[in-house]
Every structure is written in structure tokens, then in C-alpha cells.
Amino acid sequence: MLLEITDLQVFYGRIQALHGVSLYVAQGEIVALIGANGAGKTTTMRAVSGLRPAAHGRIRFDGEDITKLRADLRVRRGISQAPEGRGIFPGMTVLENLDMGTYARRPGREQRQQDLERVFGLFPRLKERRMQVAGTMSGGEQQMLTIGRALMARPKLLLLDEPSMGLAPMLISQIFSIIKEINGQGVTVLVVEQNAQQSLSIADRAYILETGLIVTQGKGRDLLADPAVKAAYLGVA
Amino acid sequence: MKFLIDNFWTLTSTGLTQGAIYALIALGYTLVYGVLQLINFAHSEVFMVGSFFAMWTLNALASHEGHAGALLIIGLLVLAGIAAMIGSGITALFVEFIAYRPLRRRNAPRLVFLISAIGASIAISEAFGIFISRNILPVPQLVQPKVVLTLFGSQIYNMQVIIVAASIVMMVGLDQFIRRTRLGRGVRAVAQDQDTAALMGVNKDRVIALTFLLGGLMAGGAALLYTQQFGLTRFNVGFLLGIKAFTAAVLGGIGNLRGALLGGLVLGLAENYGSALVGSQWRDVVAFVLLIVILMFRPTGILGESLGKARA
Amino acid sequence: MPEKILEIDEVTLRFGGVTALDGVSFHITVGEILGLIGPNGAGKTTCFNVMTGVYQPTSGSVRFEGEPLGRRKRHEITRLGIARTFQNIRLFPEMTAVENVMVGADARHHTSVVGALVRSRRHRQEEQEGREKAMELLRFMGIDSRAGDAARNLPYGYQRRLEIARALATGPKLLCLDEPAAGFNPNEKAELLELIRKIRDQGYTVLLIEHDMRLVMGVTDRIVVLEFGRKIAEGSPSEIRENPAVIAAYLGVPEDAA
Amino acid sequence: MRQRHIGRFAAVAVAIALAVAGCSSSSSTSGGGSTPAASGGSSGSCDVSLGFFGALTGQYANLGVNIYDGVKLAIDQHNKKNPGCQVGLVKYDSQGSPDQAPALAQQAINNPKVVGIVGPAFSGESKAADPLFAQAGLTTITPSATNPKLADNGWKTFFRILGNDNAQGPAAAKYITNVLKATKVFVVDDASEYGKGLADVVRKSLGSAVVGNDTVQSGQTDFSATVTKIKASGADAVYYGGYYPEAGLLVKQMRGAGVTATFVSDDGSKDPGFIQAAGGKDANGSILTCPCLPPDKAGGTFFADFKAAYGQEPGTYAAEGFDAANVFLAGIDAGKVTRADLLSFVASYKGQGVTKQISFDSKGEVSQVSVWAYKVENGQIVADQVIN
Amino acid sequence: MSTGERLQAIDLRRVRAVSGMRRWWSRLPRGTRFAVLAVVAVLLYLLPVLNPPIITTPDSDFATVLFTVTTYCLAALGLNVVVGMAGLLDLGYVGFYAVGAYSVAMFASPSSSIATKYPWLVCVPIAIALSMIAGAILGGPTLRLRGDYLAIVTLGFGEIVRLSAVNSPGLGAAAGITSIPHPPGALNGQPIFSVLDAKPYYWLGLTLVFVVVALVRNIENSRVGRSWLAIREDEDAAELMGVPTFKFKLWAFAIGAAVGGLSGAMFAGKQGFVSPDSFPVLTSVLFLAAVVVGGAGNRLGVIVGAIAVAYLPERFRGFQNSRYMIFGLALILMSIFRPQGLIPNRRREVELADRKLDEVGVEVNA
């Protein structure tokens, strides 16, 4: 078990966002966490990466209890998150943003070049724009950048927060095929998504989150057909 | 007015010299602001302590009337500069540890940070006044004043050239450090987005300490240049200079390194031209009125804010 | 033809190079509950902000009761009769619940410094009237039991309701609710649904931004759907539910169709 | 003379205050402690004290301490000679601030044993405190406040034991024209009451010899704009009205810019700090005027006594402080131990002090005034000559 | 769930503990409360007559010190409107204090350049009006600036006021203005406000403090005061709830300035002499410290703060030489250990208790 979350509760001030979430991610899997907005997906992500403290419950990673570990130290353990939306450094160039991904691990020149090539291989757009200031790029390009940057950390576990958000349909399917490809290279992926269709179709397993609780879980393909999914999103019973 | 025109270039060169020192000190305000969005009111004392370290070093090593060789002078200046930077750097870290870190841990309101920084400023300055001296203390000036070139009929002195050149070298060095190195990127990352920075494995506390340290090093450099220009220091020397440097930082756009340079130079020039026009006694009034006028039209300073967004 | 209370006409809004709204047009009719939906980042809240004067549209216009809003200040727009709540609760956290609502009621009051200093008769009248109105609204929202507590100390659901009470206190003709059900459990959502209907029945027009489709479908009369800053659909809840463009926008395009 | 002021600042913290409350109530500066017989005077007829009013701590303490030492020497000598009449000395440490002065003055007035005050030392605090002393009939002799207007307020209790700025200014002008033979003088002041007042008198006395003027700010360190003006004016002498920190920096920056004009300044600059601020050699050749006697020229054994008592030479105004105290002590010895008696005694006093022949005119000004020129030589301030 | 409840319980206990005194007080019968207040008020008036040991100042005149304390209380009350209630950081408040003092000096003193020789009492409203105008002049162009910019601009304003006084012969330049008349009134042919007896000044000052407290309280419990609080808590939300934020921020500045001007007018009427020396930047810092040390936003708190800042240094003159330093250290210690002030604002208290809760998060996070 690479990641194991037990009875996780998270508060914002006095507002409880997670009411006891338990899930696990095994080595080499793609696991999707889906649900409508405000269901607690991003909060779960932030708790795993250490940006949000857990009020209760436990998070184990690679056999170690990391519940109380500082966020930057979790990165060093091998958890890398591509944050949602415009979680890039807008004032840095693409290349600088990618270099930030290697901050914790300080690769040598050669290694860095290798990693860059790998990311550029996945996202040729980034190579074209590598000297561009990231804040001036389109939403889709920024999304690619956050993923590419997370990969630069050579994570054991890649956390993807809404990778399809704000993207045109063409780009969305492209992103998901890239996720699949990354996973093929041996990276375990936990992806949080609103776009149920796409994420479920690539995920090995999936959890459906509703108002801070996991309501359903199962194999990705199975859930695609599950009416509970449609209910969670469109409110059709 | 005639005086201003007749002496335009002299006023310009002295204004730039003064402005360069403002700019170096302003960097400290701007760095800390860029990362924490807080005014480090105690930065004036960071500068003051550096000037004392420079003085002690030079008093110990240099003779007041020495006409030593150029190499020796450069060596002494470098030593004094290092001492000043150590003094200022330690003070900056000290301020961070004593007056900022405990409050950050407690998530204190912004106003409280300001009060504790003001407290640190008063306490440090007064401690020097009580335990060392309240008098003006002379500092050996190593460089004999010499006219190095005459520009449009105005004489430019060697020290002026040294100050402007040294300031620019230090600022370029800092700029490059912030832009090109891993640690510098860490500083910019925290300035732009603390959470995302943490996701990259950046240790926020360490970066904040580094930011204070960098500001301290620049202030230490400024302190050495200041003592060499004026040959003195005093326990409260930082007060007015600090206010001016802070004004310069805001003028240029606080949180913006190049803004600090621009703000410092604009302020230095404006003070000198203004003094020539309306009399030296109105110098500070000129500085503050300029600040208010500029902020009225550009509410975030000449170059705008942000350590990150303006690309350092 | 029922009267239009608010008309959004070909509104485009650009930030730098990003187009947040792209020629959006729709209207709200007096007395209806209009739903404004769309996936994250579709421009719903931006649309709200244009209507309440937070942003000026790059082109196009917003008309309230036939009058263009133009460059009116935000507080003036509130006094015209548009009130709103916020996606992330933005109460005045250290003020009590009743004080929060009174701030809203103050939008219709006129006491200024001098009146307050000397405790003029109008001041006292307005204070009393404001307090009564505030208490009445708190009762209406069912949170009057915590009137004296700092807003910060209220449970989450109460805070959401308090925001609505505060908005109602400004005496609006149009009430804009920005994701009022965010973070609610199904029970709370059901209660909210009732509440919104009650508010409409009191004679307010309501604009509702909401993610929870069950809520939106259940309460609105009409729905406008945005995606990428464009309007992609408009119609009754049942029409919207069957609209393929909407389904694609929400659930994503199935792999084989991409 | 001085009337600058340090920011009125305060030690706060209830916590700390409470912690020290116990030990501090007895350790206050005034009254008891080191001063002899402030309260427990042995002789009934002599159970009185003198007050010292001026800065003993803070930025302007140097000058106050000089005067205080002179006053204390006078009282110690008196008490030694008169075992039956022990006069006390009470300190009122104003830190040179006019804001703190009234409360201290009131406190002195409330203490019935205090029959005379040496001070207030600076002009600003004098303006704040002297009205109270005048109302209470408590005589003051200032050994250092030189603002001429102080004598114009009709304060019957005001006496000044040295020449005011109206005497010093013309003397400085005379020295510049007669001794230095300068024809082009640039006059600078620091906008302070003292510095500007003095500079204006000098401007008036010099008339057409003034080729330029500028005003600087106290606390300023960069005088480049002023130096540029001086240089452009081609002056052969520069007069500066103000205090030593700025004076020292100004002369240094003048020399740095190659201005060789003789630098002349006032008693506010007559302080070792002037030479320090000027960085040593740049101060050499500067002329400083002062209505004060060179201490080694003081009469009697004052110079030697002072050195014996304190292990150092008397500083500026120490001798004036000594004289002022002795005027009071003479009155006390003559049995004038009430405030009213002492006031009329001082008003009609005639006697030889160590600095000059002392008597006061109807406005309280000392009749005999001498202004001395001092010169900086090899980093020392040495007496040059009396200006007649 | 259980953790949440536990946290909430801890939080509530904290809030209750800190507000215990307040609760006890508010539960006393109205009559008892009134009686206690009356006794306290009488005792306050009698302070300089009783000269209570320990409290009295051994080294300077107690009544004069008390009077100074009242001027600081007034200034702190005024600044509290700006900083504590409206949340606007003002580092140049001494400027308004100076405008008030100079207004009195200019219009009342026979030795000023205009020498209108109005009596003190006529000059007080003039001083208040001019201070308000100064507040509006400063606020008009600058209130749109964000917090830290506002701080440096106000600091500059304070210095502009002082330096203008130093450099303007019409304002008496550095020498200042003397022979300012005292407040009026006579008893048995003797003026009440004499040079020698500071007690009447103290009584007048104390009365004004009571009056200002009452007036500020009236404003605080009104539409205006609520608007200020709303602006402090969330300016955008306030604007969207129909609060004309700019107008009310300007009012906060003007009212704060007016109270500062009143304080300056009192100072001038007692001292009889004003000069630029009395208005340095550090005094602004001192006023601000009074507000923050006492507890920003709380009237009683800022009064306690003003007492701490103005009285303690006079009480402990023995520490003359190191009192600045102790003051500085005290500010740091206060910030760390009691950031809410000695007597915190009821609202701030809750806020801080809440922040404590979040500390759990900070520890994990930082």
C-alpha cells in the first residue's frame, strides 16, 4: 500500500470539510476521486500533501505515518502534487517553473536535462514556450505546466487536482491520455476530478465523494455505468 | 532655479550617490515585504548595526591618517564590508527570530507584527545608545577624496563612483541570485504562492530567514558605503535613513527589487534637486510630498508590486 | 410579457489576455428564480461581479429596471436594489449576527456622524427599526437564537443563512445567491431549497448560482448555462437536463466521442 | 541655549513596571541618594537645597552633566567649609525636553526646601518651565540658555550668568571681518531657534559681506547640496549657526569637496563631538565662539579643584554652573533662606565669580559679557582670544 | 465529529475565561454598576488631591503628570477610531495633535503672526475644525491606498506638519509660539487655570476624556460605527452591502483627527508654549503603542494603554536612561504574549481565540 488514509477529518476554522474519509492507493494504480464541487476532493488532496492539517485520522505513505509531517518534507518523501487551477508561479518562466519541481531533490545537470526531456516529450507545447512567463500562458498550457512540474520531482505518488479544469474537450482527452502514459512509466497517480467520464475511464479504481464522505467506491469502468455518479453530479435520481 | 540649472550635474551625481545607498537599504524592506507582506520596521537598525561593525573593524585595523597602498585599502574595505554584512545579517536574523517568528507561529494580526518590529527597532537602537555611545562616532575613511572626472563642468569624486558602482554590483548580484539560483527561486516561489511553494518542497521558514538575511547583507553593504562616504555612525543613524529607504521602496513599488533601485535613485535625485530649488531645510518635505503625489497616480509605486510577478 | 428586472446585454469581460465572459446575454424576470450554472471556471461568479459593480464589462451593458448600471459604485448598486451573498462566506466575523444584518439594513438608513453623536431622534428611530428588522430577518432565516453571537462562532449553516439575511436586510429587489448550498449536507440543502422558495414568495426575485444540480433543478424556474465564458444553453430545468451540450460540459465527453 | 528635544519616550510594559516597582520606589534620582543632607540637614537655619534643572540623561546629557558637576563642586566646597550649614542639591533631569519640564518645575516648586534653581539649561525647556518659576517666585540662574528673548518675558526670577546670542553674534561677525579679514561669507543655519537666531544676528552684522545663505535640518548627514552652494559662492569664510553634529559633518564635507574657506561656528559646536564628527583633521583651523570663559582661565583654584574632584578638566559651562551655584550659596550664607529673600539677594548681587565679575541688570542679564574665540588645533579646542 | 466538538469546547472555554470579568460586570445590577462607576469617577477626580502613595509620582508633579496622561488618553481615543475601529494604520497621528496645538497658539497668542488674540475657549472649536480639515485633506487622496502604503504616507504627513512648522516663520519657526492664554474662569478673583496649579487642567482633561468616551461610544453603537467595523473586517463585502466605504473612512480620519486636535489644544492651553520639538515622529509611535498595548478597538483598553505610555515613565524616572530600551522590549514581549492588548476588544478576543485553534494547523504546516 503506497498511500493509506484512515478516517480523515479536516476543518476550516470550525467548518468541517471532511467527515472521516478513508481510502487507499496501491503501488502503480491510477485512483480517481470524483464528486461535485464542494464535496471535499481538493481538501483531501491538500491534507495528503500537507497543506491542510488533519484534525483527526491518519495518513500513511510508503509505510510511514506522515500525518504530522510538514508539507515540504512530504515532497522529499515522494509525494508531488499538481495543484488545481492556476497553481503555477506566474512570474517565472516555464523553465523556472519546471526547475521548481526539482527544488527538493537537487538533481545534477544531466539528470535535470533528462527529466526535462521527459516532460517535454509528454508536453511538446512546454518546450516551445519554455522561456515564456507562465502567467501569460493559456489555462490549458498552465495545466500542462503544473503536471510537468510535478513530474520533475520524480514522485512515487503523483497527486493531480482537477487536471481537466477549464480545458476544452480536445485538450481534456489529451491530458488524460498523458496521465495514462505517466502511469505507464511507473508513477502511481491519485487524481481528483469533476470530469467523471474521462477520469473513470482511465482509473483502476475510484471513490465518489459527497459532502465530505465517501459514498461509493469501485472499479473505474464499473462506476461509469453506476447511476449514483450521475446523481451526484446532475441531481437526477 | 538658476542654481539648479548651473549645478545640475553636481546635484545629479550627489543625488545618485545618496540614492544608491537608499536603494541598498530599500532592498531589505522590499525583500521582506515581497515574501511576508509586512513592513520590517526594524530594518533601520539592521543597517545601524552594520555600520557599527564596519567602524569596529576599521578602528581595529586601520590607522586614521593612513595613506596605505591601494591594495591594502581594498583589502581593508572588503574586510570591513564583510564585517558589516555579518553584523547586519545577524541582526536581521535576530529580528526575524525574536520579533517575527513567534508571531507567525501564533498567526498574529498584521498590526501586531508592526508593533513588535517597532519595539525591536527601539530596543536595538537604544541598547547601542546605552551600552556603546549616544555620540556621533567617527569611522576612518580609507579613500582619500579625489576628483576622478569632470562631467559638464561638475566634479565627480572617487567615493561617489565607488558607491554607485558597488551598489549596482550588489544589486545585480542579488538580482541574479534571486533569478538564477535554486534558493533564489525558492524565495520567489514563496513570494508568489506559499502553498504551491510548499508543494515543491520549499521550507517556508528557511526561505523567510534567507530573505531577512539577504536584506541584512545588502544593508551591511550600504552601511560600509555610508561610513566611507560620511565617516561616522551613531546609534540612531538608521532612523531617518530607514524612513527614507522605506519611502524609496514604496516609491518604486514595494516587493519589487528593481523598483527599490529606481525608487532610491528617484528619491535621491528629487531630494537634491528639491533642496536646490526650495532650500535644504525642505528636503524631507520634498521627499514625502513626492511620495504622496506618486502614490496618488500610481497607487502601487512606479514599477508596481510583487517580488514574483515583476520577475524579481 | 413580464417585466425584466435585470438585463445582461452582450457582456464581454477580458482580464489581460483572458476572456472571462464572451458576449453573454440573458435577463431575469421579476418574481422568478433564475439558475446560473456551469462547470468550474465557466464565469458564473464573474458574471455576478459584473452585475454588482465589482468589475466593469469590457463591452456590453447591464441594465437594472431599464437603467444602465454604467459606472455606478458598488454601494450605489446595492442601494438600487441588488444584493448578494458570497461563494466563500464573507461575513464580518467579529460582529454579532444581529450587527451583521444591521449593516445590511443601514444601507437604507441615513444617520451620519452628527446624528449619532447627539443621538438624534432619527438616529434612535433608525437604530430601533434596524434592530427590529434584523431580528425579524434572523427569525425568518431561523437563526434568531444566536443573534448575539459573533458571526465567527456560528455553525457553518447558520453563517450561510446569516449572509442571506444580511443581503435581504439591504432591501433588495433582486437577490443574488452565490453557491449558497456549498458544503451543505442533503438535509440542509433541502431546508435551503424551502427557504429560497419562501424568499421568492415574499416577493423577491432570485438569481441562484449553484453546483448542486438537485437543488438547482428543484427550485429554479429557468436556467442559464455558461461554459468558457459563453452561454451554451438557456431554458427550463427539464430542458436543460436533456441538453447534450450541458451533459457534455458537466460529465465530460465520453472517450469514444472525443 | 539648546532647546532641541528628544522624542518624549516612555518605558512601558506593565509587567516590567510591576516587576521593578518594589525596588524602584526608593531609587529615584532626586532628593536623597548621593546628595548630602537633602532632607536631614543638620542646621536648622540652613535646611535648604538648590535645584539643578537640565538634561542628565538622554541625547543632550553631555552638557547637563558638565554644569551639574560644576554646581556640585560649589556645594561640596561650601558644605565642607560650613559644617553647620549643609545645603542639599536636587536634580531635575529634563532630558532637555520642554514637554517634561513643567511637571519637574512644579515638583521643584512644591518642594519648600528648594530655594534656588541652577538652570534650566536649554532655551526650549526654559520657555516651558520659567513661567512656573516666575509665578512661584523661585529664582533661576541659567548657566547656558543663551536665547536673548528669554529675558524679555518679564520673569522677575530669571537670571543669566553668561552673554546671550545678541552678544555672541556680533562678536562672531567682528572676528570674521577683523581677524579673518574675510570679505565673502556664506552663512548656514540649522533652522533651530538657537542656530537660526544666532545666524541671523551674524547676517545682520556682516551686511553685504554675506554672499549666500542656506538652511539645513538637524539630523541631516548629507550636506552635498549646501556644499555645492558654498562652492559656487566662492566664499572665503563659512559661518554655521547650529550644533556640533551637523557642524562637524558640514566642515568635513566642505573639505572633502575642496572648499578651503575658514569655518566659523558657535558655542553649540564647541564640543569635542565637533572634532569627532569632522573626523579629526578636517576640523583643524575652525573657529568657535562662545560667551564662556576658557575653564583654565577661570579665577581662583576652580580649574585645579575641579580636576581634583572629578579627575578630568571641566567642560563647557562647568565654570558658569559653579558661579551660578555660588551666587545662591552666598545668599544662603547671608541668611537669605526664603525664596523671596534669595530673589532680592540675587537681583542685587555683586561679586567676583571665577568666570567674570557678576552682577545682573533689570532684565536678569549679567552685566559683564565676554565672548571668546576658540580655535581647533591638532584636534583640540584651544582658547584663541577674547573678542572685543 | 468528536474532535470538532472537542475543539469547539476548548474554544468556548477560552472565550469564557477571558471574558469572565466582563460577564461578572454585566451581571451586576444596574444600580450597583452605576454606583461603582460613580465612586471610581470621584476617586479619579480626587487623585491629585489624595496623592496616594505608590501611585503618586515621586520625582515630578503628580497633577501635571496626570494632566499629561489625560492628553494622551484623548489622543489614544482619537487614534483608536482610526486604527482600532476603522482598521486604518496611521503613523502620523502626531500631525493632528500638532495642528490642534498650533491652531490654539496661532489664534490665541498675542505673539503669533496673526495675533487675533481669541480666548482659549474660542480657539478650541477652531482647533478641532482645522484638525478635521487636515484629516480630510490627508485622507482624501490617500485613503484609497492599501494598508502599508497608507502607513508610510501618514508617517510622511506627520513629518511634513512638523517640518513646515520648523521652517515657516509665520508659524514661529523652531522657536515656536509663546504666551498662549490658559483656559478661562475665575474663582474669588483668582484664575482657576493658573500657571502653578495643574489640578484644574487635570480635571478639565479628565472631564473631556469622559465626554469623548461617551461620544465615541455613541458613534460606535450607530450606523457609522458598524460601518467602520464592517470596513475593518471586510472592506469589499462592506461596500457590496451598501456601505459607502470611502465616505466613512474619511469620517474616521476626520473624527480621529478632531479628537487629536482637541488633545493638542489642551496641551497648548496648559503649556502656554508650543514648538515643533513637541511633535516628533516618535510621539506618533507612542500614540499607536498606547492603542495597541491597551487593546485596539476597546475604549477602556486604549485608556489603559495611554496611562501605561504616559504615566509609567514618569512614575519610574529612575530608569531614565534605559526607558526607551525597556519600552522597546516591552512592545516585543507584548506582541508575543498578549497580542490582543492588555484589555482586549471583545471582538478581537474571539478572533484570537479562534486563531489559537488554527495553531494546530500551523504547527503541522509550518
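Residues numbered from 1 in each chain as written. Chains lettered and ligands numbered in written order. Predicted model: local features only at pLDDT ≥ 70, side-chain atom pairs only at ≥ 80, totals over all residues. Heavy atoms only, no water.

1. Thoughts on the overall build of chain C
When helices and strands are counted, chain C shows 10 helices and 10 strands. Radius of gyration (C-alpha) of chain C: 19 Å, near the 18 Å computed for a compact globule of 258 residues. By its C-alpha atoms, chain C is 70 × 40 × 40 Å across when sized along the principal axes. The buried share of chain C, taken over its 258 residues, is 56%. In chain C, once contacts between residues fewer than 6 apart in sequence are set aside, the share between residues at least 24 apart is 68%. For chain C, the distance from the average position of its 34 positive side-chain charges to the average position of its 35 negative side-chain charges is 6 Å. (Helix = DSSP H or I, 4+ residues; strand = E, 2+ residues; numbered from the N terminus. Rg over C-alpha atoms; globule rule 2.2 N^0.38 Å. Buried < 20%, exposed > 50% of the residue type's maximum accessible area, 1.4 Å probe, protein only. Contact = heavy atoms within 4.5 Å. Lys, Arg positive; Asp, Glu negative; His and termini not counted. Charge placed at Lys NZ, Arg CZ, Asp CG, Glu CD.)

2. Quick notes on the interface of chain E and chain B
In this complex, chain E contributes 43 residues to the contact, which on the side of chain B involves 50 residues. Between the two partners, chain E and chain B, sit zero salt bridges. Scanning the region where chain E abuts chain B turns up three residue pairs in polar contact (both at pLDDT 80 or more). Counting residues per element, the ones that place at least two in the side of chain E that touches chain B are α6 (120-142), α7 (147-167), α12 (281-294), α15 (323-337) and α16 (346-365) of chain E. It is α7 of chain E that contributes the most residues to the side of chain E that touches chain B, 12 residues altogether. Per-class residue counts for the side of chain E that touches chain B are 28 nonpolar, nine polar and six charged. (Salt bridge = Lys/Arg side-chain N within 4 Å of Asp/Glu carboxyl O. Polar contact = N/O pair within 3.5 Å; in protein donor to acceptor, adjacent residues only side chain to side chain. Nonpolar A, V, L, I, M, F, W, Y, C, P; charged D, E, K, R; others polar.)

3. Considering the sheet that holds strand β3 (residues 33-37) of chain C
All names here are of chain C. Here six strands make up an open sheet; going across it, the order is β6-β7-β8-β3-β9-β10 and the pairing mixed. In this open sheet, the two strands that pair with only one neighbour each are β6 (82-84) and β10 (230-235). Recorded for the sheet is a direction-independent mean angle of 20° between the axes of neighbouring strands. As judged from the four bridges shared by β3 and strand β9 (residues 222-227), these two strands associate in the parallel manner. For L34, the partnering residue across the bridge sits in β9 and is R222. Its contacts with the sheet place helix α6 (residues 156-169) against β6 and β7 (174-178), and it is angled at close to 155° to β7. Against the sheet, helix α7 (residues 186-201) touches β3, β7 and β8 (205-209), its axis set at about 150° to β8. (Pairing = 2+ DSSP bridges. Axes fitted to C-alpha atoms, helices over the stretch in contact; angles between N-to-C directions.)

4. Points about the arrangement of the chains
Of all seven pairs of chains in contact, the one with the most contacts involves chains D and E. In this assembly chain B lies apart from chain C, the nearest approach of their C-alpha atoms being 14 Å.

5. Some remarks on the pairing of β10 of chain C
Residue and element names in this part refer to chain C. Two elements, β9 and β10, share five bridges in a ladder whose sense is antiparallel. Bridging from a neighbouring strand, E227 pairs with R230 of β10. Linkage of β9 to β10, two consecutive antiparallel strands, is achieved through a turn of two residues, within which F228 is found at a positive phi near 50°.

6. A closer look at a nonpolar patch on the surface
Residue and element names in this part refer to chain B. Together, F8, W9, V148, L149, L151, F152 and V161 make up an exposed nonpolar region whose accessible area comes to about 610 Å². The set of elements that each furnish at least two residues to the nonpolar patch consists of α2 (8-36) and β2 (147-151). No other element matches β2, which puts three residues into the nonpolar patch. Classification of V161 as partly exposed rests on a relative accessible area of 38%. (Patch = residues over 30% accessible without salt bridge, like charges linked within 9 Å, V, L, I, M, F, W, Y side chains within 5 Å. Areas by Shrake-Rupley, 256 points an atom, 1.4 Å probe, with all protein chains shown as cover.)

7. Comments concerning a positive patch on the surface
Side chains of R119, R121 and R124 of chain C together with R217 of chain E sit close together on the surface and give a patch of like positive charge. Tracing the sequence through the fold places R121 of chain C in helix α5 (residues 121-140). Taking relative accessible area as the criterion, R121 of chain C reaches 64% and is therefore assigned exposed.

8. Some details on unusual backbone geometry
Going from G119 of chain D to P120 of chain D, the amide bond is cis rather than trans, its omega being -15°. Secondary-structure assignment places P120 of chain D in the loop between β3 (114-118) and α4 (123-136). A positive phi angle, close to 55°, is found at Q37 of chain B, a residue other than glycine. Note on placement: Q37 of chain B falls in the loop between α2 and α3 (43-61). With a phi angle near 50°, F228 of chain C is a residue other than glycine that sits in the positive phi range.

9. Observations concerning the packing of helix α9 (residues 223-233) of chain E against helix α11 (residues 245-271) of chain E
Residue and element names in this part refer to chain E. At a minimum axis separation of 10 Å, α9 and α11 run at an interaxial angle of 105°. By the angle class used here, α9 and α11 are roughly perpendicular. Contact residues: α9 offers R223, V224, S227, W228 and I231, while α11 offers T245, F248, K249, W251, A252 and I255. Looking at the contact of α9 with α11, its residues break down into seven nonpolar, two polar and two charged. (Parallel < 35°, antiparallel > 145°, perpendicular 65-115°, else oblique.)

10. Digging into the confidence of the model for chain E
All names here are of chain E. Chain-level pLDDT for chain E is 83 on average; 88% of the residues reach the 70-or-more range. Note on residues 1-18: pLDDT is under 50 here. Beyond four places in sequence and across chains, it has 20 contacts. Segment residues 348-366: pLDDT under 50, and 51 contacts once partners within four positions in sequence are set aside and those in other chains are kept. Scored as a whole, the predicted complex attains pTM 0.84, and scored at its interfaces, ipTM 0.82. (pLDDT = per-residue confidence, 0-100.)

11. Some points on the state of the cysteines
Any covalent bond linking the sulfur atoms of two cysteines counts as a disulfide. Here the structure, examined in full by the defined rule, presents one disulfide over all chains. Covalently, C290 of chain D is tied to C292 of chain D through a disulfide, its sulfur atoms 1.9 Å apart. Where C290 of chain D bonds to C292 of chain D through sulfur, the torsion about that S-S bond is close to 125°, and the disulfide is right-handed. Exposure class is identical for C290 of chain D and C292 of chain D. Each is buried. Free of any disulfide, C176 of chain C has its nearest cysteine sulfur in C47 of chain C, 9.5 Å distant. A relative accessible area of 0% means that C176 of chain C is categorised as buried. (Disulfide = S-S within 2.5 Å.)

12. Structural notes on the nonpolar core
Residues F274 of chain D together with W228 of chain E are the most contacted members of the largest nonpolar core, which totals 307 residues. At 16 residues, helix α4 (residues 62-85) of chain E tops the list of elements feeding residues into this core. Grouped together as the second largest cluster of nonpolar side chains are 42 residues, A150, L160, I179 and V187 of chain A included. (Core = buried A, V, L, I, M, F, W, Y, C linked by side-chain atoms within 4.5 Å.)

13. Concerning the sheet that holds strand β13 (residues 371-377) of chain D
All names here are of chain D. Pairing in this open sheet of seven strands is mixed, and the strands run β7-β6-β8-β9-β10-β13-β14 from one edge to the other. With partners counted over all chains shown, the strands left at the sheet margins are β7 (210-215) and β14 (380-387), one partner each. Averaged over all pairs of adjacent strands, the angle between their axes in this sheet comes to 25°, without regard to strand direction. Pairing geometry for strand β6 (residues 185-189) and β7, over five bridges, is parallel. Note that in β7 the partner of V187 across the bridge is N213. Of the strands in this sheet, β6, β8 (237-241) and β9 (262-265) touch helix α8 (residues 244-256), which is tilted by about 170° from β9.

14. As for the packing of aromatic side chains
Residue and element names in this part refer to chain E. Inspection of the entire model under this criterion finds 37 aromatic pairs over all chains. Arranged with centres 5.9 Å apart and planes meeting at 70°, the rings of F67 and Y201 form a pair that is edge-to-face. With F67 in helix α4 and Y201 in helix α8 (residues 199-220), the pair connects residues that are 134 residues apart, well separated along the chain. A relative accessible area of 3% means that F67 is categorised as buried. Centroid distance Y97 to F287: 5.4 Å. Interplanar angle 80°. Geometry classified as edge-to-face. Residue Y97 is located in helix α5 (residues 94-108), and its partner F287 is located in helix α12; the two are separated by 190 residues in the primary sequence. (Phe/Tyr/Trp six-rings, centres within 6.5 Å; stacked < 30°, edge-to-face > 60°.)

15. Regarding helix α5 (residues 165-179) of chain D
Residues and elements named next belong to chain D. In a regular helix each residue adds 1.5 Å, so 15 residues correspond to 21 Å; α5 covers 20 Å between its end C-alpha atoms and thus fits that length. Within α5 the residues assigned to the buried category are D165, Q168, G169, A171, A172, A173, Y175 and I176. The N-cap residue of α5 is N164: its side-chain oxygen and the backbone nitrogen of N166 are 2.8 Å apart. (Expected span 1.5 Å × (residues − 1).)

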